[in-house]
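Coordinate analysis (summary)
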Amino acid sequence: MRNDLTIYDKVADRWWSDDVRWVRTLKNLVPGRLNWFDRQIDWQGKAVLDLGCAGGFMAEALAERGADVTGIDPAADAVDAARVHARATGLRIGYDVGVGEALPYDDSSFDAVVCVDVLEHVADLNKVLSEVARTLRPGGLFLFDTINRNPLARLATITIAEDILRLLPRGTHDPAMFIKPRELRAAMQGAGLVPGAVTGLGPRGINRRFDLTFGPLPLTAILYMGVARKPLAGTA
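Residues numbered from 1 in each chain as written. Predicted model: local features only at pLDDT ≥ 70, side-chain atom pairs only at ≥ 80, totals over all residues. Heavy atoms only, no water.

Scanning the protein chain from N- to C-terminus turns up 7 helices and 8 strands. Against the globule reference of 18 Å for 236 residues, the protein chain gives a C-alpha radius of gyration of 17 Å, in line with a compact fold. Expressed as lengths along the three principal axes of its C-alpha atoms, the size of the protein chain is roughly 50 × 40 × 30 Å. By the burial criterion, 53% of the 236 residues in the protein chain qualify as buried. With an accessible surface of roughly 10600 Å², the protein chain has 53% of that area assigned to carbon and sulfur atoms. The distance from the centre of the 28 positive side-chain charges to the centre of the 29 negative ones in the protein chain is 6 Å. (Helix = DSSP H or I, 4+ residues; strand = E, 2+ residues; numbered from the N terminus. Rg over C-alpha atoms; globule rule 2.2 N^0.38 Å. Buried < 20%, exposed > 50% of the residue type's maximum accessible area, 1.4 Å probe, protein only. Areas by Shrake-Rupley, 256 points an atom, 1.4 Å probe, with all protein chains shown as cover. Lys, Arg positive; Asp, Glu negative; His and termini not counted. Charge placed at Lys NZ, Arg CZ, Asp CG, Glu CD.)

In structure tokens:
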């Protein structure tokens, strides 16, 4: 089975335990992403949607930066784990169960939408981007990462990361759903967003548990992250 989204609920009870290696990999990706995202936006006081929040790693990091965070994900058990952990740590984060193709929020609800490890999994990319644009306020930012579609990306993410190193469970990704940067750029433009800077994302070191740590890279051939903006009213 490819694009297996059941994996998040299966480990929900251990999401914050650090017992599951591939979950630690997702946790270790957050600082690397924010190393670059933090340069694009001042989170303090911003209304932010974490689209595809799973168990809450990114949502909590954003809340700690002073953002007013809402998280949404179709994995109900993972969302429950996120709620429990946020309460235990005293963070005020709103969590909902839902999908990116039909966000249960009013137009212009958020200053930023963060969407990591999601776009290569969704059923309808164009609909998701349309919903992102709808729920963003004019001038708001869409911050994302995803996986490029080419033989190198397939080798790195499927053969090496899933099949050999088991950094992710086998079947997590479907390489046919990976997205070339030019395709994503066109799709964002079609949704009314203005694409901005793009950079690579990948391993930068190893921590004391011999897990990979991550950060921005110049190479976008495998993982890449970027930013787009919803135009202000009357501009394009």
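Attention shifts here to the packing of helix 2 (residues 21–37) against helix 3 (residues 57–64). When two helices pack together, you describe them by how their axes are tilted relative to each other and by the distance separating the axes. Two elements in contact, helix 2 and helix 3, have axes whose closest approach is 9 Å; the angle formed by their N-to-C orientations is 40°. One way to sum up the angle between helix 2 and helix 3 is to call them oblique. When you trace helix 2 past helix 3, the crossing you get is right-handed. Contact residues: helix 2 offers Val23, Leu26, Lys27, Val30, Arg33, Leu34 and Phe37, while helix 3 offers Phe57, Met58, Ala61 and Leu62. (Axes fitted to C-alpha atoms, helices over the stretch in contact; angles between N-to-C directions. Parallel < 35°, antiparallel > 145°, perpendicular 65-115°, else oblique. Left-handed = near helix turned anticlockwise from the far one by under 90°. Contact = heavy atoms within 4.5 Å.)

This next bit is on the pattern of salt bridges. Evaluation of the coordinates by the stated rule reveals 13 salt bridges. For Asp13, the salt bridge identified is with Arg14, shortest N-O distance 4.0 Å. Among the residues examined, Arg14 registers a relative accessible area of 37% and is labelled partly exposed. Among the salt bridges present, the one from Arg137 reaches Asp111, with a minimum N-O distance of 3.1 Å. Taken together, the residues span a long stretch of sequence, with Arg137 in strand 5 (residues 136–147) and Asp111 in strand 4 (residues 110–115) at a distance of 26 residues. When salt bridges that share partners are traced, they join Arg21, Arg24 and Asp211 into one network. (Salt bridge = Lys/Arg side-chain N within 4 Å of Asp/Glu carboxyl O.)

According to UniProt, the feature "domain: Methyltransferase type" (unreviewed entry) maps to residues 49–144 in the numbering used here. The distance from the first to the last C-alpha atom of residues 49–144 is 12 Å, and the span holds 34% helix and 29% strand. (UniProt positions renumbered as here; feature names shortened; annotations may be inferred.)

It is worth spelling out the side chain of Thr199 at this point. Tracing the backbone through its elements, the reader meets Thr199 in strand 6 (residues 194–206). Of the residues examined, Thr199 reaches a relative accessible area of 13% and is grouped as buried. Within the structure, Thr199 has its side chain in polar contact with the backbone oxygen of Leu217 (distance 3.1 Å). Not counting chain neighbours up to four residues away, the residues in contact with Thr199 comprise Trp36, Pro216, Leu217, Thr220, Leu223, Tyr224 and Met225. (Polar contact = N/O pair within 3.5 Å; in protein donor to acceptor, adjacent residues only side chain to side chain.)

The subject of this paragraph is the packing of aromatic side chains. Counted under the stated rule, the structure contains 8 aromatic pairs. Measuring from centroid to centroid gives 6.3 Å for Tyr8 and Trp15, while their planes differ by 50°, and the two rings are tilted. (Phe/Tyr/Trp six-rings, centres within 6.5 Å; stacked < 30°, edge-to-face > 60°.)

Moving on: the nonpolar core. A general trend in soluble globular proteins is that nonpolar side chains are found buried together. Core analysis: the largest hydrophobic core is formed by 45 residues, its most contacted members being Trp15, Trp22, Phe37 and Trp43. Listed by contribution, the elements that provide at least two residues to this core are helix 1 (7–10), helix 2, helix 3, helix 4 (76–89), strand 4, strand 5 and strand 8 (223–229). Considering every element that reaches this core, the biggest residue donor is helix 2, with 8 residues. Leaving out residues up to four positions away in the same chain, Trp15 has contacts with Tyr8, Trp22, Val23, Leu26, Ala54, Gly55, Gly56, Phe57 and Ala81. Grouped together as the second largest cluster of nonpolar side chains are 28 residues, Val118, Val128, Val132 and Ala187 included. (Core = buried A, V, L, I, M, F, W, Y, C linked by side-chain atoms within 4.5 Å.)

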